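# Survey of secondary and tertiary structure
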Amino acid sequence: MPSTPAKKKPTKQPAPAADVGLSVGEAAPDFALHDQSGELVTLSALRGAPVVLFFYPKDATPMCTQQACAFQGGLGRFSRAGVRVLGISILKPRSKKKFADANAISLPLLADDALGPDKKPVPHAARAFGVWVQKSMYGKPYVAIERTTFLIDPRGKIAAKWDKRTIEADVDAHVDEVLAAAKALG
């Protein structure tokens, strides 16, 4: 009796990255947030030059530290190109200061630390940019920032956007790619 070939199990394809946040071409919403030094930073005050906004979930976690340090490492190149770089996440300015001091980060880390009536975070910048999303860990849902980088052109429009997958695949290459895109704005 002839043998039948064994059936191959289909390989599981990774789920596509969720397309969260605002899209390229949309106006970047203004915000007013305090940095790790207590300085108030508004996006509208930075018009006229390209701005990189990198949203990260939380201070002092391994990937967030790697991401912030990579942007810090490229800060001189961004500055020479006339590009401002800002990090945004939840937690208070005092957390940002501790995080910045521990990692020699001088770029502004903005505290998107608004609280809702239940005393849980409801960050207004992350919500406005569409990166405050529902996630799940061990089957338990929660809401947090989705790691996303936005490049905003001098007129205040979103010129480019990178998602979590791209960022986490190679953080240093991501920073180089963001810098190249910012320089291409002219």
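These numbers were taken from a predicted model, which means no experiment stands behind them.

The next thing to look at is the packing of aromatic side chains. Counted under the stated rule, the structure contains 8 aromatic pairs. Both rings, one in F55 and one in F150, keep their centres 5.9 Å apart while their planes meet at 85°; by these two values the pair is edge-to-face. With F55 in strand β3 (residues 51-55) and F150 in strand β8 (residues 148-152), this pair connects stretches of sequence that are 95 residues apart. Look at F55 and you get buried, because its relative accessible area is 0%. Taking relative accessible area as the criterion, F150 reaches 0% and is therefore assigned buried. With a centroid separation of 6.0 Å and 45° between ring planes, the pair formed by F71 and F78 is classed as tilted. The class of F71 is buried, set by a relative accessible area of 0%. A relative accessible area of 0% means that F78 is categorised as buried. Following the ring pairs from residue to residue traces out a cluster consisting of F54, Y56, F71, F78 and F99.

With that settled, the discussion passes to the pairing of strand β6 (residues 132-137). In terms of strand pairing, β6 meets strand β7 (residues 140-145) through 6 bridges, oriented antiparallel. Bridged to S136 within β7 is P141.

Despite not being glycine, A60 has its phi angle at roughly 65°, a positive value. Within the fold, A60 resides in the loop between β3 and α1 (62-73). With a phi angle near 55°, A104 is a residue other than glycine that sits in the positive phi range. Inspection of the secondary structure assignment puts A104 in the loop between α3 (93-103) and β5 (109-111).

Counted at 1.5 Å a residue, the expected span for helix α6 (residues 171-184) with its 14 residues is 20 Å, and the 20 Å between its end C-alpha atoms agrees. Buried within α6 we find V171, H174, V175, V178, L179 and A182. Looking straight down α6, one finds its buried side chains confined to an arc of 135°; they lie on one side. Exposed side of α6, more than 90 degrees from the buried face: D172, K183 and A184 are the residues found there.

What follows is about the side chain of D112. Tracing the backbone through its elements, the reader meets D112 in the loop between β5 and α4 (124-128). No salt bridge is formed by the buried D112. Its closest oppositely charged neighbour is R127, at 8.8 Å. A polar contact of 3.1 Å, which involves the side chain of D112, links it to the backbone nitrogen of A125. At a separation of 2.7 Å, a polar atom in the side chain of D112 contacts the main-chain amide nitrogen of A126. If near-sequence neighbours (up to four positions away) are discounted, D112 is found in contact with L33, I88, S89, I90, L91, P123, H124, A125 and A126.

Right, let's talk about the packing of α1 against α6 for a bit. One way to put it is that α1 packs onto α6 with a least axis distance of 9 Å and a crossing angle of 40°. With respect to each other, α1 and α6 are oriented oblique. Note on packing geometry: the crossing formed by α1 with α6 is right-handed. Each of M63, Q66, Q67, A70 and F71 in α1 lies in contact with α6, whose residues at this interface are V171, D172, H174, V175 and V178.

Moving on: the pattern of salt bridges. In this structure the tally under the stated criterion is 7 salt bridges. Between D101 and K97 there is a salt bridge; the shortest N-O distance is 3.0 Å. Placement of the pair is D101 and K97 together in helix α3, with a separation of 4 residues, close to one helical turn. For D101, a relative accessible area of 52% gives the class exposed. Using a relative accessible area of 42% as the deciding quantity, one classes K97 as partly exposed. Across the salt bridge formed by K135 and E146, the nearest N and O atoms sit 3.7 Å from each other. In this pair, K135 is assigned in strand β6 and E146 in the loop between β7 and β8, connecting sequence segments 11 residues apart.

What counts and how
- Residues numbered from 1 in each chain as written.
- Predicted model: local features only at pLDDT ≥ 70, side-chain atom pairs only at ≥ 80, totals over all residues.
- Heavy atoms only, no water.
- Phe/Tyr/Trp six-rings, centres within 6.5 Å; stacked < 30°, edge-to-face > 60°.
- Helix = DSSP H or I, 4+ residues; strand = E, 2+ residues; numbered from the N terminus.
- Buried < 20%, exposed > 50% of the residue type's maximum accessible area, 1.4 Å probe, protein only.
- Pairing = 2+ DSSP bridges.
- Expected span 1.5 Å × (residues − 1).
- Arc of directions from axis to C-beta.
- Lys, Arg positive; Asp, Glu negative; His and termini not counted.
- Salt bridge = Lys/Arg side-chain N within 4 Å of Asp/Glu carboxyl O.
- Polar contact = N/O pair within 3.5 Å; in protein donor to acceptor, adjacent residues only side chain to side chain.
- Contact = heavy atoms within 4.5 Å.
- Axes fitted to C-alpha atoms, helices over the stretch in contact; angles between N-to-C directions.
- Parallel < 35°, antiparallel > 145°, perpendicular 65-115°, else oblique.
- Left-handed = near helix turned anticlockwise from the far one by under 90°.

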